[in-house]
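Reading the structure
Read off the chains here:
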Amino acid sequence: FVSAAELTSMTAVVPDGGYFAEVREQEVFCRSLHATITDLKEACVTPEELSRWADTFPQPAEGGHKLKELALVYAEYARRCGEMGLVDRSDLLALAADAGCPPTDFGLFIYGFYDFNPLQKKFLEAILRNKEALIFFPWCEGVTFDYALPSLTWLTNLGCEQISLQAGEARPMALARA
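Residues numbered from 1 in each chain as written. Predicted model: local features only at pLDDT ≥ 70, side-chain atom pairs only at ≥ 80, totals over all residues. Heavy atoms only, no water.

Quick word on helix H5 (residues 89–99)
Residues of H5 that are buried: Ser90, Asp91 and Ala97. Within H5, the buried residues cover an arc of 125 degrees as seen down the axis, which keeps them to one side. Facing away from the buried surface of H5 by more than 90 degrees, the exposed residues are Arg89 and Ala99. Buried-residue contacts for H5 involve helix H2 (27–42) and helix H6 (118–128). The opening residue of H5, the one whose side-chain oxygen lies 3.2 Å from the backbone nitrogen of Ser90, is Asp88. Taken from the residues just after H5, Gly100 is the one with a positive phi, measuring 75 degrees. (Buried < 20%, exposed > 50% of the residue type's maximum accessible area, 1.4 Å probe, protein only. Helix = DSSP H or I, 4+ residues; strand = E, 2+ residues; numbered from the N terminus. Arc of directions from axis to C-beta. Contact = heavy atoms within 4.5 Å. Polar contact = N/O pair within 3.5 Å; in protein donor to acceptor, adjacent residues only side chain to side chain.)

Written out as structure tokens, the structure reads:
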């Protein structure tokens, strides 16, 4: 966990007169910024990628460049965490995904979701390479569940098989991966 004071010191890279200059020392802004950095990390966007992307947008006629300043703060956050040897939950999940999951005698049970962010997908892919899994995925054909179709398709493409758990009009289903 990074304190509000530490976040405030990281926002010192925001230039005077910049887009975030007036709010850079406010705790609420720093907490919002930390949530944004967490979202970027969970989307597997690095500070360098954000900086390159920000460079493709023109400088506003007045004030600072919001994306470039966000990229500066994100890079400073990553640099300082690296210097201090700190990791956050997103870093832990990424490290676990990169390390893979050794085979064990027990399987994996996943329940209660309809969507995964890119970092969660990376982690699950690493686990499913070496583990059996039972994934409970409530599903019925029709527009009511259309929003969950991308996750269902992704899991099926990973080799999960659909198993109907009960007959009837509503068909809760599980996905199995052996």
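Details of unusual backbone geometry
Leave glycine aside and you will find that most residues have negative phi; peptide bonds, for their part, are mostly trans. Of note in this structure, Cys44 is not a glycine but carries a positive phi near 60 degrees. Here Cys44 shows up in the loop between H2 and helix H3 (47–54). Classification of Cys44 as partly exposed rests on a relative accessible area of 35%.

Regarding the packing of aromatic side chains
Applying the stated criterion across every chain yields a total of 9 aromatic pairs. Here the aromatic rings of Phe20 and Phe29 are separated by 5.1 Å at their centres, their planes lie at 35 degrees, and the arrangement is tilted. Judged on exposure class, the residue Phe20 and its partner Phe29 are both buried. Between Phe116 and Trp154, the aromatic rings sit 5.6 Å apart at their centres with planes inclined by 55 degrees, giving tilted as the arrangement. Note that Phe116 is positioned in the loop between strand S1 (108–111) and H6 and Trp154 in helix H7 (residues 149–157), a separation of 38 residues in sequence. Accessibility expressed as a relative area gives 12% for Trp154, which makes it buried. Among the aromatic residues, those joined into a cluster by ring pairs are Tyr19, Phe20 and Phe29. (Phe/Tyr/Trp six-rings, centres within 6.5 Å; stacked < 30°, edge-to-face > 60°.)

Examining a nonpolar patch on the surface
A cluster of nonpolar side chains, contributed by Val87, Leu92 and Leu95, occupies part of the molecular surface with about 270 Å² of accessible area. Within the secondary structure, Leu92 sits in helix H5. (Patch = residues over 30% accessible without salt bridge, like charges linked within 9 Å, V, L, I, M, F, W, Y side chains within 5 Å. Areas by Shrake-Rupley, 256 points an atom, 1.4 Å probe, with all protein chains shown as cover. Salt bridge = Lys/Arg side-chain N within 4 Å of Asp/Glu carboxyl O.)

Some details on the pairing of strand S2 (residues 133–137)
In terms of burial, S2 is a largely internal element, 4 of the 5 residues being buried. When S1 meets S2, the two strands line up parallel, connected through 4 bridges. Pairing of Ile110 across the sheet is with Ile135, part of S2. A crossover connection joins S1 to the parallel S2 through H6; in handedness this β-α-β unit is right-handed. (Pairing = 2+ DSSP bridges. Right-handed = clockwise from strand over helix to strand, strands pointing away.)

Some words on the nonpolar core
If you look at the biggest cluster of nonpolar residues, it comprises 16 residues, and the most contacted ones within it are Phe113, Phe116, Ile135, Phe137, Trp139 and Leu155. Listing elements by their share of this core, those giving two or more residues are H6, S2 and H7. (Core = buried A, V, L, I, M, F, W, Y, C linked by side-chain atoms within 4.5 Å.)

Overview of the confidence of the model for the protein chain
Predicted confidence across the protein chain gives a mean pLDDT of 82, with 83% of residues reaching 70 or more. The weakest mean pLDDT in the protein chain belongs to strand S4 (residues 173–177) at 57; the strongest belongs to H3 at 94. (pLDDT = per-residue confidence, 0-100.)

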